[in-house]
Each structure stands twice: as C-alpha cells, then as structure tokens.
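If you want the building blocks of each chain, they are given just below.
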Amino acid sequence: MTVGIIMGSQSDWPTMTHAAAMLDHFAIPYETRIVSAHRTPQLLADYAQQAAERGIKVIIAGAGGAAHLPGMTAAHTSLPVLGVPVQSKALKGMDSLLSIAQMPKGVAVGTLAIGDAGAANAGLLAAQILATADPDLMTKVDAFRQVQTEAVLAQPNPQG
Ligand code: RP5
C-alpha cells in the first residue's frame with residue numbers, strides 16, 4: 001500500500017471516507033486502519049514505526065477532540081503525515097484543529113481543514129506529494145484541477 005489512512009475511532013470514518021474517495025479517484029493504493037493514540041498507544045507506535053518498511057509513502061491521520069494521533073504518528077516516523085481535524089460535537093472541531101496544528105518545532109504535521117473538505121484535501125495532497133515522483137499521476141492531478149476550473153468557468157452566474 002502506498003498511503004495509510006488511519007483514524008482514532010470508527011466514528012471518524014464518515015469524515016475520513018472522503019480521503020479514501022480522493023485516493024480512489026487517482027487509483028492510489030491505500031489501507032484504512034483504526035489506530036487510537038489514547039486507546040491503543042502501542043499499536044500507534046508499531047504502525048508508525050513499521051509504515052516506511054512496509055512501503056507506505058504518506059500517512060493521513062484523522063482524529064477529533066484531543067487529536068493527538070497525527071502528531072504522535074509523526075513522532076514515530078519521518079514519512080509525511082497529513083492531519084485531518086475531525087469535527088467534534090463539543091467544540092465543532094476547533095479542539096481537533098488546534099491539537100493537530102500546534103506542533104512543536106522539529107516534528108511536522110501538515111494540517112488540513114476541519115471535516116470533510118480537509119479529509120478530501122488530505123487525499124489530494126497525498127496524490128500531489130506522490131506525483132512529484134510519478135509523471136503519470138501528475139498528469140491526472142493536473143486534469144483533476146482543469147476539470148474543476150472549467151466547471152466553475154462554465155457556470156459564472158450563481159443564479160443559473
Ligand atoms: C478521538 O476521539 C477520535 O478520533 C474521535 O474523533 C473522538 C471520539 O471517539 P469515539 O468516542 O467516537 O470513539 O480519539
């Protein structure tokens with residue numbers, strides 16, 4: 001598998017499915033796993049430490065609330081980690097966003113937007129990272145962007 005999509009809970013899947021859908025669009029192989037920073041800390045360490053040797057190139061990690069999964073994953077691997085703040089009930093994902101974004105200098109997580117758009121963009125950004133070493137994939141990313149641009153230009157009037 002080229003991309004690992006991990007999430008703190010089954011309850012994160014309705015959000016993280018948007019990352020998977022984007023990777024499907026580009027035919028990028030991926031795996032999905034529930035890995036909790038708090039409930040399964042040893043599994044998190046093992047997953048992150050073994051990811052590179054298993055061929056994973058990018059990890060997408062989604063979590064909500066005290067969202068330590070992306071940061072702790074990044075602490076255990078030098079692979080790029082893209083963090084998706086899942087929208088929490090209590091604080092609407094602001095807690096998730098700040099937990100993921102406010103990493104200390106020296107351990108990096110690429111933080112996306114809260115919720116579905118962030119998950120989709122994590123998939124897109126993973127594709128763009130992989131495309132730097134894959135010209136065919138870069139062509140697909142360029143085409144995706146072009147289709148999007150043309151769709152906006154084809155309908156300039158918001159009243160239809
Ligand atoms: C986090 O706590 C998970 O990533 C999830 O977003 C949140 C709530 O988890 P559940 O209580 O729904 O399992 O660890």
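Residues numbered from 1 in each chain as written. Predicted model: local features only at pLDDT ≥ 70, side-chain atom pairs only at ≥ 80, totals over all residues.

Draft legend 1. Quick peek at helix α3 (residues 69-76). Within α3, six of the eight residues are buried, leaving the element largely enclosed by the surrounding structure. Among the residues of α3, those classed as buried are Leu69, Pro70, Gly71, Met72, Thr73 and Ala74. For α3, the secondary structure elements touched by its buried residues are β1 (3-7), α2 (41-51), β3 (58-64), β4 (81-86) and α4 (94-101). (Buried ≥ 20, exposed ≤ 12 C-beta atoms within 10 Å, placed from the backbone. Helix = DSSP H or I, 4+ residues; strand = E, 2+ residues; numbered from the N terminus. Contact = placed C-beta atoms within 7 Å.)

Draft legend 2. A look at the sheet that holds β1. Pairing is parallel across the open sheet formed by five strands, whose spatial order is β2-β1-β3-β4-β5. What marks the edges here is a single partner per strand, and that holds for β2 (30-34) and β5 (110-111). Against the sheet, α3 makes contact with β1, β3 and β4, and its axis sits at roughly 145° relative to β3, the strand it touches most. (Pairing = 2+ DSSP bridges. Axes fitted to C-alpha atoms, helices over the stretch in contact; angles between N-to-C directions.)

Draft legend 3. Representation of the UniProt feature "binding site: substrate" (unreviewed entry) in the chain within the structure. Here, the residues flagged by UniProt with the feature "binding site: substrate" (unreviewed entry) are Ser9, Asp12 and Arg39. Spanning 31 residues, the named residues nonetheless gather at one spot, since no C-alpha pair among them exceeds 14.4 Å. Relative to the assigned elements, aspartate 12 resides in the loop between β1 and α1 (13-25). Each residue touching aspartate 12, except ones within four places of it in the same chain, is listed here: Met7, Gly62, Ala63, Gly64 and Val86. Here arginine 39 lies in the loop between β2 and α2. Looking at arginine 39, the number of C-beta atoms within 10 Å reads 11, which means it is exposed. (UniProt positions renumbered as here; feature names shortened; annotations may be inferred.)

Draft legend 4. Fine view of the packing of α1 against helix α5 (residues 116-131). It is the contact of α1 with α5, at a shortest axis distance of 7 Å, that shows an interaxial angle of 30°. Between α1 and α5, the crossing angle belongs to the class labelled roughly parallel. Judged by the sense of rotation from one axis to the other, the crossing of α1 with α5 is right-handed. Contacts between α1 and α5 involve Thr15, Met16, His18, Ala19, Met22 and Leu23 from the first element and Asp116, Ala119, Ala120, Ala122, Gly123, Leu124, Ala126 and Ala127 from the second. (Parallel < 35°, antiparallel > 145°, perpendicular 65-115°, else oblique. Left-handed = near helix turned anticlockwise from the far one by under 90°.)

Draft legend 5. Quick look at the site of the ligand. For the ligand, the full set of nearby residues is Met7, Gly8, Ser9, Ser11, Asp12, Ser36, Ala63, Gly64, Gly65 and Val86. Its residues placed into classes, the shell around the ligand shows three nonpolar, six polar and one charged. (Near = placed C-beta within 6 Å. Nonpolar A, V, L, I, M, F, W, Y, C, P; charged D, E, K, R; others polar.)

Draft legend 6. Region of interest: the nonpolar core. In this structure, Ala19, Ile60, Leu69, Val84 and Ala126 are the most contacted members of the largest nonpolar core, which totals 41 residues. Listing elements by their share of this core, those giving two or more residues are β1, α1, α2, β3, α3, β4, α4 and α5. (Core = buried A, V, L, I, M, F, W, Y, C linked by C-beta atoms within 7 Å.)

Draft legend 7. Geometry of the environment of proline 70. Positionally, proline 70 belongs in helix α3. Aside from chain neighbours lying at most four places away, what touches proline 70 is Ala61, Ala63, Val81, Gly83, Ile100 and Val109.

Draft legend 8. Geometry of the pairing of β2. Relative to β2, β1 runs parallel, the two being bridged by five bridges. Residue isoleucine 5 lies in a different strand from β2, and its bridge partner there is threonine 32. Read from β1 through α1 to β2, the crossover connection turns out right-handed. (Right-handed = clockwise from strand over helix to strand, strands pointing away.)

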